[in-house]
Amino acid sequence: MKNHVWRPLYIALALVAVGLVARYLLVPPDFGVHERGYMYGWHRKSNEKEWEAVRVKYRTGRSCIPCHRDKHDDIRNSPHAAISCENCHGALLDHPKDPVSLEINRSRSLCLRCHARLPYKASLRGSIKGINPETHYPQAECMMCHYPHNPKRPNPKREVRS
Amino acid sequence: MITRRTFCKQALLVAGGTVLPLAALELFDPRRLLAEKEEGAKVRWVFLVDTHKCVGCGFCVKACKIENEIPYDAHVSRTWVERYVVTKDGRTLIDSPGAARDGFTSSKIDQNSAGMVEVKDEEIAKAFFVPKLCNQCDNPPCVQVCPVGATYQTADGVVLVDRKWCIGCGYCVMGCPYGVRFFHPVYNVAEKCTFCYHRLHKGMKTACVDACPFGARQVGNLLDPDDPVTKVITSERVSVLKEEYGTKPQVFYLGLSMEVK
C-alpha cells in the first residue's frame, strides 16, 4: 500500500503515545481505586496522610492541669466545670512556648453565649439562668460581680475593683 | 432435519447457559474469603447529636473554625448551629447568624429580607437548636459527581477533599443535599468537614466535640459495639436528616423535630 495511506495511522499512533507518556508523568503513582471501590474510593492515597498531618490547635483542658492545678481545682466543683479551658482562653497550640500567654476574655459577649435569656423550654437553654443583656447592667463587665471559674461565689476581686 | 426432542434439549441448554452468570463459575479460594472477612473495615466514624442538650452557645463553631483554619470572619463554616422557633400560629422561623460562631445572644430572629423578627415568649410553641455538619454519608452524592477524583471516601467512612487535585468546578457544592460544602476562601477549592481527621487519627475527639460543654455532640466508631455512641445509636430512637435522598447519612440525631430540614 502507498505511503500516504499509512501516514495518518502513524500520526494517530504518535498521539496515543504522547497521551500515554503525559499520563504516566502527570498522574501520581498512588492515584487510583482504593478501599471504597470505583464509585467512592477513586483518589490520591497520599492525600489521606496530608489530612492526618494537620496541626492540632485545641489540645483539650487536660493539658492545662499540670501547670494550672489551682485553676483546675477552682473550677472542678463549680457549675462551669464542663466548659473547656480553651473555650474562653483560646486554643492552646504550643503554649507556653507559642503563644507565651493566652487571652483572658472578659467580654460580656462570651458569657452571653449561654446566659442571654432565651425562653426555649424544648432545649436545655431554657433552663440555664439567663439575663436580658439590654437591661442587666449593660455597661458592666460580668466579671465585676461574678467569678467565672465558680459562678456560685462572688468575684473575690470585687471590692478592689469598685 | 431437527427433531422436536433435540430442539427442546438445545433450547433449554442455550436458555440455561445465558442465565448462568460468569461469577457462578468462579472457584472460591477459602483463604481469600477468610482474609476478606477478617481484614474488613474495623472503624466507621459516626456522629451523634443530642438536640435536647444544645443551648446554642456556638463554642463548637468557634473551635472548628480555628482548629481547621477556616478564615474566622469569612462567612463560611464547616459546621453551624440552627435555631428553630415554632410559633403557636404555626410559623417556623429558622436562623443561624454568622453560622452561630458567636452563639445566640438575642431573641431576635434573622429573617433576611423580612428583617429581625421578635417573637413574644408566650407565642412560642417550641424552640430549640440543631447543630449541623457533614453527614459523612455512606452513599455520598458529592463524591459521585466529582469529575476528577478529588473528593473521596476513606476506609473509615470519612469523605475528604484533595486540595491539590480539586479543579473548583463546584459540582459537589451543588450535589450535597445538606449544603455542607463551600469554597475555601484561601485555597479556592471545595471544603468540607473532615470529622477532624487529624484528631481522630491521634486518638482525640473532634474539636467541636471537645468544645461542647453540654455533651450535645459526640463522635464514635459504629463498628465497635462497646462504643458509647454505638450503644445509643443501636438502642435508642435516633433519626437522620433527609433520609428520603438515599444518601445513608452517618450523623444521627436525638430529639429531631419534623420542622428540621
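So, here's what we can say about the structure. (Residues numbered from 1 in each chain as written. Chains lettered and ligands numbered in written order. Predicted model: local features only at pLDDT ≥ 70, side-chain atom pairs only at ≥ 80, totals over all residues. Heavy atoms only, no water.)

1. Here's the deal with the overall build of chain B
Helix and strand counts for chain B stand at eight helices and twelve strands. Compactness check: chain B gives a C-alpha radius of gyration of 25 Å against a globular reference of 18 Å for 261 residues, more than 25% above the reference. Across its three principal directions, the C-alpha atoms of chain B cover 95 × 45 × 40 Å. Looking at chain B as a whole, 48% of its 261 residues qualify as buried. Of the contacts formed within chain B by residues at least 6 apart in sequence, a portion of 61% connects residues at least 24 apart. Of the roughly 13,400 Å² that chain B leaves accessible, carbon and sulfur atoms contribute 58%. On chain B, the mean spot of the 33 positive side-chain charges and the mean spot of the 30 negative ones are 5 Å from each other. (Helix = DSSP H or I, 4+ residues; strand = E, 2+ residues; numbered from the N terminus. Rg over C-alpha atoms; globule rule 2.2 N^0.38 Å. Buried < 20%, exposed > 50% of the residue type's maximum accessible area, 1.4 Å probe, protein only. Contact = heavy atoms within 4.5 Å. Areas by Shrake-Rupley, 256 points an atom, 1.4 Å probe, with all protein chains shown as cover. Lys, Arg positive; Asp, Glu negative; His and termini not counted. Charge placed at Lys NZ, Arg CZ, Asp CG, Glu CD.)

2. Side note on the sheet that holds strand 1 (residues 45–50) of chain B
Residues and elements named next belong to chain B. Ordered in space as 11-1-12, the three strands form an open sheet in which the pairing is mixed. Each having just a single partner strand, strand 11 (217–221) and strand 12 (251–254) make up the two edges of the open sheet. Within the sheet, the average angular offset between the axes of one strand and its neighbour, ignoring direction, is 25°. Relative to strand 11, strand 1 runs antiparallel, the two sharing five bridges. By the bridge assignment for strand 11, Val46 is matched with Gly220. Set on the sheet, helix 8 (residues 228–235) makes contact with strand 1, strand 11 and strand 12; between it and strand 1 the angle comes to about 70°. (Pairing = 2+ DSSP bridges. Axes fitted to C-alpha atoms, helices over the stretch in contact; angles between N-to-C directions.)

3. Considering the interface of chain B and chain A
Bring the parts together and some accessible area is lost; that lost area is often taken as the interface size. Every contact between the two is made by 60 residues of chain B and, on the other side, 46 residues of chain A. Summed over the three residues of chain B that lose the most area to chain A, namely Phe59, Tyr152 and Trp165 of chain B, the buried surface amounts to 13% of that side. In this structure, the connection of chain B to chain A is made through five salt bridges. Salt-bridge contacts for Arg44 of chain A lead to Asp162 of chain B; the nearest nitrogen and oxygen are separated by 2.8 Å. Among the secondary structure elements, those contributing two or more residues to the side of chain B that touches chain A are helix 3 (59–67), strand 2 (80–87), strand 6 (124–132), helix 4 (141–144), strand 7 (151–153), strand 8 (159–161), helix 6 (197–200) and helix 7 (207–211) of chain B. Among the residues making up the side of chain B that touches chain A, the classes are represented as 25 nonpolar, 17 polar and 18 charged. (Buried area = accessible area lost by both parts, 1.4 Å probe. Salt bridge = Lys/Arg side-chain N within 4 Å of Asp/Glu carboxyl O. Nonpolar A, V, L, I, M, F, W, Y, C, P; charged D, E, K, R; others polar.)

4. So, helix 6 (residues 108–115) of chain A
Residue pairs spaced three or four apart in an α-helix point in one direction, given the helix's 3.6 residues per turn. Listed in full, the buried residues belonging to helix 6 of chain A are Arg108, Leu110, Leu112, Arg113 and Cys114 of chain A. Check the buried side of helix 6 of chain A and you find it contacts helix 5 (85–89) of chain A together with helix 3 of chain B.

Scope: geometric values only; no functional claims are made or implied.
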